[in-house]
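# Structure at a glance
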Amino acid sequence: MKKISVITICLLFIGIAFSQPIDSARFRLEFTPKIQNFHKISQPAVIPEETPELPEVEYEIVPQTIDLTFSPTPIKPLKLPEEVMKKLYRNFLKVGFGYPLTPLGELCIHNFDNSKFSYGLNVNHISGWARPIGEKMKNFAYAPFSDTRTHLFLNTFFKNQTLYTSVDYNHKVAHLYGFDKRYGFPAILYDKSERYNLKNNFHHVGAEIGLRSNYVPEDAKLKQDVRLSYDFVTTYQANKENHIGIVSNFVYDIVFKQLNGLLRPQLDINFDNYIHNWSNTQTILDSWPNFTRYSLQTEFIPSAKFSVREYYIRLGIGIPIIKSFRTYYPQDRVQCPVFPVAEVQLGLVPGILSIYAGVDGNTKYNSLKDLLYENPFLKTGQDSLHFTKTQLSVFGGVKGNLVKKLNYHISTRFSNTKDMVFFFLDTASRLKNQFNVVYADLQLLNVCANLNWQVVDKIYLNLEGNYWGYFNLANIEVPWYKPEWEVAFSGKYYLKKKFIFDLNMKMGFGSYALVQYLDAENNLFYQTEKMNPVLNFGVGFEYLVSKRFSCFATVNNIGFQHFAKYYGFNNLGFNAIAGVTYSFGDESLKKAKK
């Protein structure tokens, strides 16, 4: 141990010695230190007896101004992320073609930015003209379809009002092909030349004109929105419906700035008049049908809403007055199914969590137009069109935002409804390929959940689910062709500002249908069965070649499911469409002056 200590001390001493710098320069200085002699002062100090007067010095203090000028450092503007499409074009033309034979076209035209008026035209068309594909689908008749829609609008902006007008024309073609070769129908019905005998199309012309005020809630003015509309529908069998309607609401806002609150009295006044002409009124008088000739509805809904930030309460009452005039029962009485209007919302966590609950009701007329849009396979004439009346509907829900751009909404509603519309297979028709309308009283429960999320401006996701429960059914056995569960998903992804990917899915479960069978003696009988699930999966792709030109492709029903909302009326199976889109019109309509 002593040896180790001695060695360590030696090494430390050597390291310190060698670590000192060695200066090898030599200097020669001739310097001799000497001490100088100084003479002392022997005179004593003289102290004066009187204090000498201080001299007067004139001076002044000039105040100095301190410069307090403040110049903040300029703040550089934040650079916003670029949009996928840098320009919004006024016009575009979209053309596509699909397999099986499926042409697609869309045209959109809009005027340039203008503070006085806005006008535009939208036209889109899709159709299918191919024979059924697959062994199962070949059992059905040739069934092309077509859907064409046109919308023309003009809005004029004044200082405090906006005048808006529009004209629509829609043409929808469907074919009654819901019968099977196995039931022994004549072979000629499945030939292409006979498709016009199975046609069930309709034309719809609509127009509206309205005046809407531009005031904000802080303006102590009476605000209004009054709209007059007209609809005309005619079918291939010459059934006609004319509708004249007025929808209006009047609002006066009272603002409480200290509370950040608002009191809004409101009055809604609506009027509808439907006139019907049925092609087969005179041909089947022996069956004593109860045709609806025309129907009237007038509705008043006075209400008041008081809100403070995300809290509000609304109270009111709905007073509908309805009357239908029928061919053989003109004495039907006037009805007034009054319903309450009440709702309260509590913003528990502002912007994140709000809960609400309330009661309300409604009265809806099941017009020929609405029925055809929902089910184009209706029989040629309807015996009767009814009002669906809901005098009490209780609802509630939760909504808000969990994280940035992630919104959610969960709601439930329980309704007591009379004369709800359902579609039922018309067994009296010769080919059993049409639907009639039936009405039922019931209690309906609906639970809905929705979630949508935008992820870093590149991914958009939406998920929605619905449950319907039908209780205490009257007049019908099951809720015909109404799903019990339905789930839908859609997503969109933007890649490098050039590629857009789409993904969509829709599933439906629990629908009931009346299915026809042949017994051992070839007699036709019917049986209630639950339909197979509706499964539809699709993908889409778009390549933005340039600022004006893009290519797209969509594929539907990837699972090759011959799904059908109505049993036997199978829609297209696998379907793929590809096409191009050309955008134009970003330049001004006015030519530059030279």
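Residues numbered from 1 in each chain as written. Predicted model: local features only at pLDDT ≥ 70, side-chain atom pairs only at ≥ 80, totals over all residues. Heavy atoms only, no water.

The secondary structure content of the protein amounts to two helices and 25 strands. Residue pairs at least 24 apart in sequence account for 60% of intrachain contacts in the protein once pairs closer than 6 positions are excluded. (Helix = DSSP H or I, 4+ residues; strand = E, 2+ residues; numbered from the N terminus. Contact = heavy atoms within 4.5 Å.)

Attention now moves to the packing of aromatic side chains. According to the stated counting rule, one finds 22 aromatic pairs in the structure shown. Ring geometry for Tyr294 and Phe325: centres 4.5 Å apart, planes at 25°, overall stacked. You can see Tyr294 sitting in strand β11 (residues 292-308) and its partner Phe325 sitting in strand β12 (residues 311-326), a full 31 residues away along the chain. Overall, the relative accessible area of 35% leaves Tyr294 in the partly exposed class. Here the aromatic rings of Tyr460 and Tyr494 are separated by 5.7 Å at their centres, their planes lie at 80°, and the arrangement is edge-to-face. Of this pair, Tyr460 sits in strand β18 (residues 459-474) while Tyr494 sits in strand β19 (residues 485-495); the two residues are 34 residues apart in sequence, bridging distant segments of the chain. Residue classification places Tyr494 among the buried residues on the basis of a relative accessible area of 18%. An aromatic cluster is defined as three or more aromatic residues linked by ring pairs; in this entry it consists of Phe377, Phe423, Phe435, Tyr481 and Tyr566. In this structure, Lys94 is placed above the aromatic ring of Phe552, and the distance from its NZ or CZ to the ring centre is 4.7 Å. Directly above the aromatic system of Phe422 lies the positively charged group of Lys482, at a separation of 5.8 Å from the ring centroid. (Phe/Tyr/Trp six-rings, centres within 6.5 Å; stacked < 30°, edge-to-face > 60°. Buried < 20%, exposed > 50% of the residue type's maximum accessible area, 1.4 Å probe, protein only. Lys NZ or Arg CZ within 6 Å of the ring centre and 35° of its normal.)

Bringing unusual backbone geometry into the picture now. A cis amide bond links Tyr99 with the next residue in sequence, Pro100, at an omega value of -5°. Relative to the assigned elements, Pro100 resides in the loop between β1 (91-99) and β2 (102-110). Of note in the backbone geometry, Arg309 takes a positive phi value of approximately 55° without being a glycine. Secondary-structure assignment places Arg309 in the loop between β11 and β12.

Attention now moves to empty space enclosed by the protein. For the coordinates displayed, the defined rule picks out one cavity of 30 Å³ or more. Considered as a void within the structure, the largest cavity measures approximately 60 Å³ in volume. Lining the largest cavity are 10 residues, with Thr235, Asn239, Leu372, Lys379 and Thr380 sitting closest to its centre. (1 Å grid on protein atoms, 1.4 Å probe; cavity = no way out; pocket = protein on both sides within 12 Å on 5 of 7 lines; lining within 4 Å. Points joined across faces, edges and corners; volume = space filled by probe spheres on them.)

Among the nonpolar cores identified, the biggest contains 41 residues, and Phe377, Phe435 and Tyr481 are the most heavily contacted of them. Here this core takes six residues from strand β17 (residues 435-455), the largest share from any one element. (Core = buried A, V, L, I, M, F, W, Y, C linked by side-chain atoms within 4.5 Å.)

Enumeration over the complete set of coordinates arrives at 11 salt bridges. Between Asp253 and Lys223 there is a salt bridge whose closest N-O contact spans 3.3 Å. You can see Asp253 sitting in the loop between β8 (240-252) and β9 (254-256) and its partner Lys223 sitting in strand β7 (residues 222-235), a full 30 residues away along the chain. For the pair Asp253 and Lys223, one class covers both residues: buried. Counted as one network, the salt bridges with shared partners bring together Asp147, Arg149 and Lys172. (Salt bridge = Lys/Arg side-chain N within 4 Å of Asp/Glu carboxyl O.)

On to the pairing of strand β21 (residues 512-518), then. In regular strands, side chains alternate between the two faces of the sheet. Pairing of β21 with strand β22 (residues 524-530) involves seven bridges; the strand directions are antiparallel. Counterpart to Leu518 in the pairing with β22 is Leu524. Counted between consecutive antiparallel strands, the loop separating β21 from β22 contains five residues, among which Asn522 sits at a positive phi close to 60°. (Pairing = 2+ DSSP bridges.)

On to the side chain of Asp231. Considering the arrangement of structural elements, one finds Asp231 in strand β7. At 2.8 Å, the side chain of Asp231 forms a polar contact with the side chain of His204. For Asp231, the contacting residues outside a window of four places in its chain are His204, Val205, Gly206, Glu241, Asn242, His243 and Lys369. (Polar contact = N/O pair within 3.5 Å; in protein donor to acceptor, adjacent residues only side chain to side chain.)

Here we come to the environment of Thr528. Mapping Thr528 onto the fold places it in strand β22. Judged by relative accessible area, which is 28%, Thr528 ranks as partly exposed. For the pair formed by Thr528 and Leu514, sequence separation is 14 residues and the distance between their alpha carbons is 4.7 Å. Here Glu477 takes part through its side chain, which lies 3.2 Å from a polar atom of the side chain of Thr528.

This paragraph deals with the side chain of Asn170. Tracing the sequence through the fold places Asn170 in strand β5 (residues 161-173). Among the residues examined, Asn170 registers a relative accessible area of 11% and is labelled buried. A polar atom in the side chain of Asn170 sits 2.8 Å from the side chain of Tyr373. What Asn170 contacts, discounting residues up to four positions off in sequence, is Thr148, Arg149, Thr150, Phe202, His203, His204 and Tyr373.

Our focus in this paragraph is the environment of Tyr526. With respect to the secondary-structure elements, Tyr526 resides in strand β22. Between the C-alpha atom of Tyr526 and that of Ala513, which follows or precedes it by 13 residues, the distance is 9.9 Å. Each residue touching Tyr526, except ones within four places of it in the same chain, is listed here: Leu425, Thr427, Lys432, Leu514, Val515 and Gln516.

The next point concerns the pairing of strand β24 (residues 549-556). With six bridges connecting them, strand β23 (residues 534-544) and β24 associate as antiparallel partners. Within β24, the residue paired with Leu544 across the bridge is Ser550. Where β23 folds back onto β24 in an antiparallel hairpin, the turn is made up of four residues. Here β24 pairs with strand β25 (residues 575-584) via eight bridges, running antiparallel. Note that in β25 the partner of Phe552 across the bridge is Gly579.

Turning to the confidence of the model for the protein, a few remarks are in order. When pLDDT is averaged across the protein, the result is 83; 76% of the residues are at 70 or more. Ranking the helices and strands of the protein by mean pLDDT puts strand β6 (residues 202-213) first, with 97, and helix α1 (residues 2-19) last, with 53. Counting interchain partners and residues more than four positions distant, the pLDDT-below-50 stretch residues 16-23 has zero contacts. Below a pLDDT of 50 lies the segment residues 282-288, which in the model reaches four contacts outside its immediate sequence neighbourhood of four places, other chains included. (pLDDT = per-residue confidence, 0-100.)

What follows covers the environment of Ile244. Looking at the element boundaries, Ile244 is found in strand β8. Linking Ile244 and Tyr230, residues 14 residues apart in sequence, is a C-alpha distance of 4.7 Å.

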